[in-house]
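Structure assessment
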Amino acid sequence: MSTKGRLYLDGVSVVFDGFRALNNLSLVVEPGEMRAVIGPNGAGKTTMMDVITGKTRPTSGTVRFGDHDLTRMDEADIANLGIGRKFQKPTVFDALTVFENLELALKAPRGPFACLRWILTGEAKARIDQVMEETGLTARAGDLAAILSHGQRQWLEIGMLLMQDPQLLLVDEPVAGMTDQETEHTAALLRRIAGERSVVVVEHDLEFVRALGRKVTVLHEGTMLSEGPIDQVQNDPRVIEVYLGR
Ligand code: ADP
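Residues numbered from 1 in each chain as written. Predicted model: local features only at pLDDT ≥ 70, side-chain atom pairs only at ≥ 80, totals over all residues. Heavy atoms only, no water.

Here's the deal with the sheet that holds strand E10 (residues 223–228)
Counted only if it meets this: Note: two strands are recorded as paired if DSSP finds a minimum of 2 bridges between them. In DSSP terms, a helix is any run of H or I states spanning at least four residues, a strand is any run of E spanning at least two, and both are numbered starting from the N terminus. Lines fitted to C-alpha atoms define the axes, with helix axes restricted to the stretch in contact, and inter-axis angles between N-to-C directions lie between 0 and 180 degrees. By the convention used here, residues are in contact when the closest approach between their heavy atoms is within 4.5 Å.
Read from one edge to the other, the open sheet built from 6 strands follows the order E6-E7-E8-E3-E9-E10, with strand pairing classed as mixed. Each of the sheet's edge strands pairs with one partner strand only, and the pair in question is strand E6 (83–86) and E10. Strand-to-strand, the axes of this sheet are offset by a mean angle of 20°, without reference to chain direction. On top of the sheet, helix H1 (residues 45–53) reaches strand E3 (34–38), E6, strand E7 (168–172), strand E8 (198–202) and strand E9 (216–220); it is set at about 150° to E7, its chief contact. Across the sheet, helix H7 (residues 180–193) touches E3, E7 and E8, and the angle it forms with E8 is around 145°.

Details of the sheet that holds strand E4 (residues 60–65)
Read from one edge to the other, the open sheet built from 4 strands follows the order E2-E1-E4-E5, with strand pairing classed as antiparallel. With partners counted over all chains shown, the strands left at the sheet margins are strand E2 (19–29) and strand E5 (68–69), one partner each. H1 rests against strand E1 (7–16), E2 and E4 of the sheet, and its axis sits at about 115° to E1.

Things to note about the side chain of serine 198
We apply this condition: Pairs of N or O atoms within 3.5 Å make up the polar contacts considered here, provided that, within protein, one atom can donate a hydrogen while the other can accept it, and that residues adjacent in sequence are counted only when both atoms are side-chain atoms.
Among the structural elements, serine 198 can be located in strand E8. One polar contact links the side chain of serine 198 to the main-chain amide nitrogen of glycine 32, over a distance of 3.1 Å. Residue contacts for serine 198: discarding those within four places in its chain leaves Gly5, Val29, Glu30, Pro31, Gly32, Glu33, Gln167, Leu168 and Leu169.

In C-alpha cells, the structure reads:
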C-alpha cells in the first residue's frame, strides 16, 4: 500500500521531568481511516495529539506522515502538510456569521494549496456552500456564530478545518456536552469526512465511539493497551481492568 497520507508513530516516547507521558507508542493510521483513541485520564491521548502536530517533540521515536518525517518539524510546517486539529473548545468568531467564519478559514494562511486555488479560481463560495451542506449548517449561513447551539458551533469549527482541505484531521473530544441528537449528527459527520481524509478522534464517550463504528486504540500509561473493534476492546480483560474499572 502507498504510504501517502499514512500516519505512522514508531516507538514514540515523551518524557517530562522524568515522567513518561508516552512510553514507546507505535501506531499506524491508514489513509482515509477513522481511528478512535480512548483511555483513562493521564493515558497520554493529548500528548499523542501534541506530538503529531509538533506542539511537543518526542524524546525518542519517529512520527511520519506519508513521506514526511514530522519528528523535528515545527507546528506551522506540519499544518501546511494538511494536518488539522480541532481542540475541544471551539474557537469560532462570535461576531461573524457562519458563512463569514468559513470564508475567513479559507483565507487563513494554513493548510495545503487547495485553499489558495479556490480563492484564485473564484470557487470559494461554492466550496463554502459545499462545507455548509456537509456540516448541516446551510440554513444557518447568515446567522452569527454567537447564536448557534453548542453542537452547531462544534460543527462550524469542523467546517472551518475542512475549508483548509486537511488530509488528516485530529479531533479532541468532539461530543463533550452535546445532546444525544447532536452526538449522532457528529458521528455521521465524522464518518462522512473519513474516507476522503484520515480522522483521529480522542473521545471519552464510548457510545459515541461505538457510533463511529471503526477501529479503536486504547491507551494506558502512555502506550497501546489494546486495539480493534469496540466490542473486542471492551471485552479485553486488560481494558476492563484499567479503563472500565470493573
Ligand atoms: P490524557 O490526554 O490521556 O488525559 P495527557 O497526554 O494529557 O493524558 O497526559 C499524560 C500524562 O503526562 C499526565 O500524567 C500528565 O500529567 C502528564 N503531562 C502532560 N503534559 C505535561 C507537561 N507539560 N509537563 C509535565 N507532565 C505533563
